[in-house]
Amino acid sequence: MKEERESLAFDIVFAGGGPANLASAIRLKQLVTLHNEQHPAEPLDPSIAVVEKGRHAGAHLLSGAVLDTKALEELMPDFRDRNCPLDTIVSRDRILFLTAKRSFSVPAIPEPFRNSGHPLVSLSRLGYWMAGEAETAGIELFTNTAAVKPIVENGSVCGLLTGDLGIDRLGQQKPDYLPGAELRAKVTVIGEGVAGTLATELQNIFSLRSGSAPQHYETGVKEVWRIPEGAIEAGEAWHTFGYPLAPDTYGGGWLYAFSPTEVSVGHVTAIDPQAPEADPHGNLQLFKQHPAIATVLKGGSLLEYGAKTITSAGLDAMGRISGPGFLFTGESAGMLNMQRLKGIHLAMKSGMLAADTIFEALLRDDFSASSLQGYEERFRNSWAYDELHAARHFRQAFDKGLYHGLLQTGMQLKFPGLSLASPFLFKKNDSTRSGHAKKTRQELPQPPVRTDGQLSFGKEECLFRSGTMHEENQPCHLRIAPADIAEICIRKCTEEYGNPCTRFCPANVYAFTLTPEPALRISASNCLHCKTCALADPYGIISWIPPEGGGGPGYKLG
Ligand code: SF4
């Protein structure tokens with residue numbers, strides 16, 4: 001018997017309540033208001049809903065972050081008067097090359113790497129504020145609600161399904177069972193962040209990535225610290241490369257001083273299914289122990305911890321970002337400039353361009369693929385495209401290691417977008433792009449982190465500062481087929497890779513027990529929703545599906 005689901009009809013539904021979709025919803029409301037003032041005889045009144053799986057707006061948002069306010073100024077020129085939560089303006093940039101014990105400051109910082117004049121922000125607080133602005137404008141925001149599947153009918157996207165509530169760990173309905181709802185819409189805007197469930201399904205159905213270059217992913221792990229006054233000036237923004245990463249692994253660290261007593265410290269590590277030995281959490285702990293960073297943090301205390309993956313291959317890996325009845329925004333569309341280590345402004349701009357396209361589609365009452373394709377043209381004519389175009393080969397230059405990357409970066413400053421990479425590189429798929437040789441178990445590095453309980457902490461202790469919680473009695477949202485656990489996890493992966501999930505997960509979700517017999521323990525309630533496991537798993541057998549709405553981290557400073 002077909003299950004009865006509640007069905008709600010909207011004109012526009014946004015999957016994900018991050019800066020891209022919130023900017024898009026706000027922009028769309030602005031356009032409608034302007035239209036109604038200018039054409040009172042032909043008013044529009046589209047119903048707009050934003051679906052967000054976090055338990056409050058901003059709960060799952062995490063970034064460094066230095067904000068380029070370009071898009072926000074276009075969206076809301078009076079954002080400063082509206083109490084937008086901006087922190088200190090960056091007053092001094094530093095780029096440091098770290099060896100194990102020493103640091104060397106880059107004497108002249110080229111333009112793309114400068115942050116001076118831009119405000120430091122907590123993306124979580126910015127998202128919370130934007131959600132308030134959206135609700136004030138009349139947009140319906142459904143928090144605690146996970147979008148789990150697109151509705152595709154007759155070759156077109158017609159909305160999304162939200163997740164069921166009240167299913168126990170064995171898949172049985174609990175007394176409080178509530179089936180998910182159908183949210184039907186003329187346009188569905190997908191802004192779920194990296195490796196989203198709906199985006200991945202639509203990419204497959206509509207072959208959106210055919211012909212595009214492979215995507216690259218990095219996992220960023222961030223902590224916010226309270227520190228004693230006097231260690232650093234407010235407004236300092238440091239970026240580092242080198243230690244603790246080997247030259248063949250891409251990544252780097254940051255330290256931003258929000259105030260004389262509060263800093264954001266974080267580290268980004270490339271993740272790669274061909275070389276899955278990465279330990280993003282461990283790298284941050286080592287980074288904090290480096291003398292240059294430890295000097296700042298000494299005597300301080302950890303306030304918040306979190307992790308998320310980012311996309312970094314830029315324009316070449318973007319693929320198509322629209323189709324019949326749907327548009328992709330933000331990191332669902334790969335809107336991140338790795339050269340600048342910034343994506344919030346690009347995410348917002350993509351959302352605004354999507355809104356312009358949807359508004360025109362509303363006027364025409366045409367939501368077909370050809371109507372919504374105007375979004376891609378708008379993007380190509382925007383400053384967001386120009387910015388991504390100039391940086392389009394930045395990350396790929398590091399595929400052959402740090403020194404090759406630095407050489408090309410220098411050349412790209414003179415010739416933006418220059419690439420010395422073989423064109424054949426882009427013909428390979430994600431699982432073969434790595435230049436790393438597969439490592440045997442014996443060659444894998446031992447977990448390198450020594451935690452001291454003062455500057456560096458184990459995953460469990462960090463996790464305690466992430467606000468993470470899930471309904472415990474629900475199906476595991478990290479799916480591995482039982483046959484794969486027995487055949488691959490316990491046997492093959494143990495031999496070939498030494499079970500890298502136990503390292504690359506920054507939340508200690510995966511653990512192996514040897515007695516009474518070898519088994520994989522998955523502590524799904526620890527999950528930070530960073531998506532590293534789904535992207536770094538060398539066998540591609542881990543499926544991350546959205547847990548019950550409201551589960552996950554509860555970032556407030558993220
Ligand atoms: Fe990230 Fe996967 Fe670990 Fe969850 S289980 S924290 S998504 S690596």
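In this text, all values refer to a predicted model and were calculated from it rather than measured experimentally.

All right, on to the nonpolar core then. Of all hydrophobic cores here, the largest spans 76 residues; its most connected members are Leu 126, Phe 328, Met 335 and Phe 379. In this structure, Met 335 is in contact with Met 318, Ile 321, Gly 330, Gly 343, Leu 346, Ala 347, Ser 350, Tyr 375, Phe 379 and Leu 388, ignoring residues within four places of it in sequence. With 55 residues, the next largest nonpolar core counts Val 194, Trp 225, Leu 255 and Ala 294 among its residues.

Before going further, it helps to examine the site of the ligand. With respect to spatial proximity, 14 residues lie near the ligand, and among them Cys 505, Cys 527, Cys 530, Lys 531 and Cys 533 are the closest. Grouping the amino acids of the shell around the ligand by side-chain chemistry returns 11 nonpolar, 2 polar and 1 charged.

The next point concerns the domain arrangement of the chain. Looking at the assigned domains, one finds that the chain contains domain 1 (8-70 + 128-212 + 316-390) and domain 2 (395-427). Across the boundary between the two partners, domain 1 contributes 4 residues, which contact 5 residues of domain 2. Both sides together, the interface formed by domain 1 and domain 2 hides about 360 Å², and carbon and sulfur atoms give 54% of it. When the area that domain 1 buries against domain 2 is broken down by residue, the three leading residues are Asp 316, Gln 339 and Ala 390, summing to 69%. At the surface where domain 1 touches domain 2, the tally comes to 0 salt bridges.

A few words now on the pairing of strand β2 (residues 12-15). Walk down a regular strand and you will see the side chains alternate between the two sheet faces. Neither face of β2 is exposed, since Ile 12 and Phe 14 on one face and Val 13 and Ala 15 on the opposite face are all buried. Two elements, β2 and strand β3 (residues 48-51), share 4 bridges in a ladder whose sense is parallel. Note that in β3 the partner of Ala 15 across the bridge is Val 51. In the sheet, β2 pairs with strand β14 (residues 187-190) via 4 bridges, with the strands oriented parallel. Residue pairing across strands places Ile 12 opposite Val 187, the latter belonging to β14.

With that settled, the discussion passes to the sheet that holds strand β19 (residues 301-311). Either a parallel or an antiparallel arrangement is found when strands of a sheet pair, and the pairing is made through backbone hydrogen bonds. As summarised here, the arrangement of the 7 strands in space is β6-β5-β16-β17-β18-β15-β19, forming an open sheet in which the pairing is mixed. Each edge of the open sheet carries a strand with a single partner, namely β6 (103-105) and β19. Taken over all neighbouring pairs, the strand axes of this sheet differ in orientation by 20° on average, direction set aside. Where strand β5 (residues 92-98) and β6 come together, 3 bridges link them in antiparallel fashion. Note that in β6 the partner of Phe 97 across the bridge is Phe 104. Most of the contacts of helix α5 (residues 280-289) go to strand β18 (residues 262-271), to which it runs at about 135°, and overall it touches β5, β15 (217-226), β16 (236-242), β17 (251-259), β18 and β19.

Let us look at the layout of surface pockets. Counted as a void, the second largest pocket has a volume near 700 Å³. What lines the second largest pocket is a set of 36 residues, among which Ile 95, Phe 113, Phe 241, Phe 394 and Phe 398 lie closest to the centre. Among the elements of the structure, β16, β17 and α11 (402-414) are those that each provide at least two residues to the lining of the second largest pocket. No other element matches α11, which puts 5 residues into the lining of the second largest pocket. Of the residues in the lining of the second largest pocket, the class split is 20 nonpolar, 12 polar and 4 charged. Three or more residues apiece are contributed to the lining of the second largest pocket by two domains, here domain 1 (8-70 + 128-212 + 316-390) and domain 2 (395-427).

The next thing to look at is the packing of helix α7 (residues 344-364) against helix α10 (residues 383-390). At their nearest, the axes of α7 and α10 sit 10 Å apart, and the two run at 140° to each other. Classified by the angle their axes make, α7 and α10 are oblique. Pair α7 / α10 crosses with left-handed handedness. Each of His 345, Leu 346 and Lys 349 in α7 lies in contact with α10, whose residues at this interface are Trp 383, Ala 384, Glu 387 and Leu 388. Of the residues that constitute the contact of α7 with α10, the class distribution is 4 nonpolar, 1 polar and 2 charged.

Each value, and the rule that gives it
Residue positions are counted from 1 within each chain, in the order its sequence is given. Restriction of local features to residues with pLDDT of at least 70 applies here, the model being predicted, together with a cutoff of 80 or more for giving and counting side-chain atom pairs; totals for whole chains, interfaces and linings are based on all residues. Heavy atoms throughout the structure, all of them, feed into the side-chain values; hydrogens and water do not. For this analysis, a nonpolar core means a set of buried residues of the types Ala, Val, Leu, Ile, Met, Phe, Trp, Tyr and Cys, connected via side-chain atoms within 4.5 Å. Think of it in three bands: with a 1.4 Å probe and only protein chains considered, a residue is buried below 20% of the maximum accessible area for its type, exposed above 50%, and partly exposed in between. Contacts are assigned to residue pairs that have any heavy atoms within 4.5 Å of one another. Here a residue counts as near a molecule or strand whenever at least one of its heavy atoms sits within 4 Å of it. In this count, Pro and Cys sit with the nonpolar residues alongside Ala, Val, Leu, Ile, Met, Phe, Trp and Tyr, while Asp, Glu, Lys and Arg are called charged and the others, Gly among them, polar. The source of the domain bounds is an automatic or database domain assignment. Two parts placed together each lose some accessible area under a 1.4 Å probe, and adding up what both lose gives the buried area. Salt-bridge detection follows one rule: a side-chain nitrogen of Lys or Arg within 4 Å of a carboxyl oxygen of Asp or Glu. To qualify as a helix, a DSSP run of H or I must reach at least 4 residues; to qualify as a strand, a run of E must reach at least 2; elements of each kind are numbered from the N terminus. Think of it this way: DSSP has to see at least two bridges between two strands before they count as a pair. Axis definition: a line fitted to C-alpha atoms, over the contacting stretch in the case of helices. Angles run 0 to 180 degrees between N-to-C directions. Here a cavity means grid points, on a 1 Å grid over the protein atoms only, where a 1.4 Å probe fits yet cannot get out; a pocket means an open set of points with protein on both sides within 12 Å along at least five of seven lines; lining residues are those with an atom within 4 Å of a point. Grid points are joined across faces, edges and corners, and a volume is the space filled by probe spheres set on the points. Roughly parallel refers to an angle under 35 degrees, roughly antiparallel to one over 145, roughly perpendicular to one between 65 and 115, and oblique to any angle outside these ranges. Helix crossings are classified by the rotation of the near helix relative to the far one: an anticlockwise turn of less than a right angle makes the crossing left-handed, while a clockwise turn makes it right-handed.

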